[in-house]
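# Working through the structure, step by step
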Amino acid sequence: MNASGDSRKTVARLRRAVSNALRIPFMRGRVGGVSARRIRSIEDFAAVIPPLTIEELRKGWEENQLSPGNDARRDVGLIAQTAHDPPVYVTLSNRALELYAEVLADCWLSAGVLAGSHVLIHDYGTSPLVYLASRNFCPYLKTGAAERVGCIPVCNDGLPEFTERALHILRFVRPRAIFLRGDAVTPLVTRLSETQEKLRRGLELRAVLVSSDEVMPLRDNRGHAMLSGLLGAPVTTLVRADAALFMASECAKSGRLHVRTDRYFVETLDPTSLRPTAAGELGMLAITPLFCDAYPVLRYVTGLEAALDLGGCVCGAAGASLSTSA
Ligand SMILES: [Zn+2]
């Protein structure tokens, strides 16, 4: 099953993605002599482009096949991804970086973040939640999520030893939204439970977004419920697959993940055959980012199991949404 939306537009986007990818030695080696013109339909795309696993991606870096090399545009930057161990890296042009930040801004808006709000980000500096949040955090970025939404971000490192500082920010800055990495939930819940301060009384939180990369547990239902109770705000999940530059946030009404089909082509694949599964059937989520011009990630198979629905969401949002198995 795939999220195609308007299929002519989708095929044109896929063809462009393949054409960009074929400039990189890694992808040319994977598909042989095929040209992007061979992609005339979504079915062609699935038939010509083999699914890409994290192991292959890592091997591509090890063999120095993923560097844009002589084809590099002058505006290419590399950003390390640390959720995988050993880490993988992504290559982003300035244009791709801006579009990636736009996806994050959409996640902020769908979580209910309002212009003028202070926003606490409790995550590592190499997380896209941080480097896409503001041009002040990433020198290559012109307009981060904060500038797009009109917010003031306050960043605090996601390490457990910085939990105390997150409490200080909650107490003194009084943010209207919090974004934190999944493994920061338990330390924060513990400290909030221990403290006798009337912290919650002064808070007017609208949203708490907990992010999980595909290599982390998707969500900790008990931890989220406790955090919601302690902070007096809804807690939702933002799912990432950093190796594919993917982000989607959970709808507060349906619990499904809204997917931007103009930015991502998403499929669900049978875990054994890696063939597309039927509509509504669980499969491994595979992602093709459509905005990357210097990074040949096509049909990246994530560690996430999901079912795809093209019929729109109960909240009224049109387009594709995903339900996850966790
Ligand atoms: Zn929805």
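Quick notes on the rules
- Residues numbered from 1 in each chain as written.
- Predicted model: local features only at pLDDT ≥ 70, side-chain atom pairs only at ≥ 80, totals over all residues.
- Core = buried A, V, L, I, M, F, W, Y, C linked by C-beta atoms within 7 Å.
- Buried ≥ 20, exposed ≤ 12 C-beta atoms within 10 Å, placed from the backbone.
- Helix = DSSP H or I, 4+ residues; strand = E, 2+ residues; numbered from the N terminus.
- Domains from an automatic or database assignment.
- Contact = placed C-beta atoms within 7 Å.
- Nonpolar A, V, L, I, M, F, W, Y, C, P; charged D, E, K, R; others polar.
- Pairing = 2+ DSSP bridges.
- Axes fitted to C-alpha atoms, helices over the stretch in contact; angles between N-to-C directions.
- Parallel < 35°, antiparallel > 145°, perpendicular 65-115°, else oblique.
- Left-handed = near helix turned anticlockwise from the far one by under 90°.
- Arc of directions from axis to C-beta.

### Quick look at the nonpolar core
Core analysis: the largest hydrophobic core is formed by 97 residues, its most contacted members being Y100, L104, A145, V208, I287 and Y300. A total of 10 residues in this core trace back to one element, the largest contributor, which is helix α5 (residues 94–110). Here this core gathers at least three residues from each of two domains, domain 1 (1–70 + 251–326) and domain 2 (93–243). Setting aside its immediate chain neighbours within four residues, Y300 contacts L52, A241, A243, A244, A286 and I287.

### Comments concerning the domain arrangement of the chain
Split into domains, the chain comes out as domain 1 (1–70 + 251–326) and domain 2 (93–243). Computed over C-alpha atoms, the centres of domain 1 and domain 2 are 27 Å apart. Listed by partner, the interface residues are 19 residues for domain 1 and 17 residues for domain 2. Elements supplying a minimum of two residues to the side of domain 1 that touches domain 2: α4 (54–62), β9 (257–258) and β12 (300–309). Per element, the largest residue contribution to the side of domain 1 that touches domain 2 is 4 residues, and it comes from β12. Here the side of domain 1 that touches domain 2 is built from residues that sort into 12 nonpolar, 4 polar and 3 charged.

### A closer look at the sheet that holds strand β11 (residues 283–289)
An order of β9-β13-β12-β11-β10 is seen for the 5 strands of this open sheet, with the pairing classed as antiparallel. On the outer flanks of this sheet lie β9 and β10 (264–269), each paired with one strand and no other. The pairing of β11 with β12 spans 4 bridges and is classified as antiparallel. Bridged to A286 within β12 is V301.

### Comments concerning the packing of helix α9 (residues 185–194) against helix α10 (residues 221–231)
Running from N to C, α9 and α10 point in directions that differ by 40°, and their axes come no closer than 10 Å. Classified by the angle their axes make, α9 and α10 are oblique. The way α9 lies across α10 gives a crossing that is left-handed. Contacts between α9 and α10 involve V185, T186, L188, V189, L192 and S193 on the former and, on the latter, G223, H224, M226, L227 and L230.

### So, helix α8 (residues 163–172)
Along an α-helix, residues three or four apart share an orientation, since each turn contains 3.6 residues. Along α8, the residues classified as buried are T163, A166 and L170. All buried residues of α8 fall inside an arc of 50° around its axis, so they share one side. Opposite the packed face of α8, turned more than 90 degrees from it, sit the exposed residues E164, H168 and F172. Where α8 is buried, its residues contact β3 (118–122), β4 (152–156) and α9. R174 occupies a position one or two residues after α8 and carries a positive phi of about 55°.

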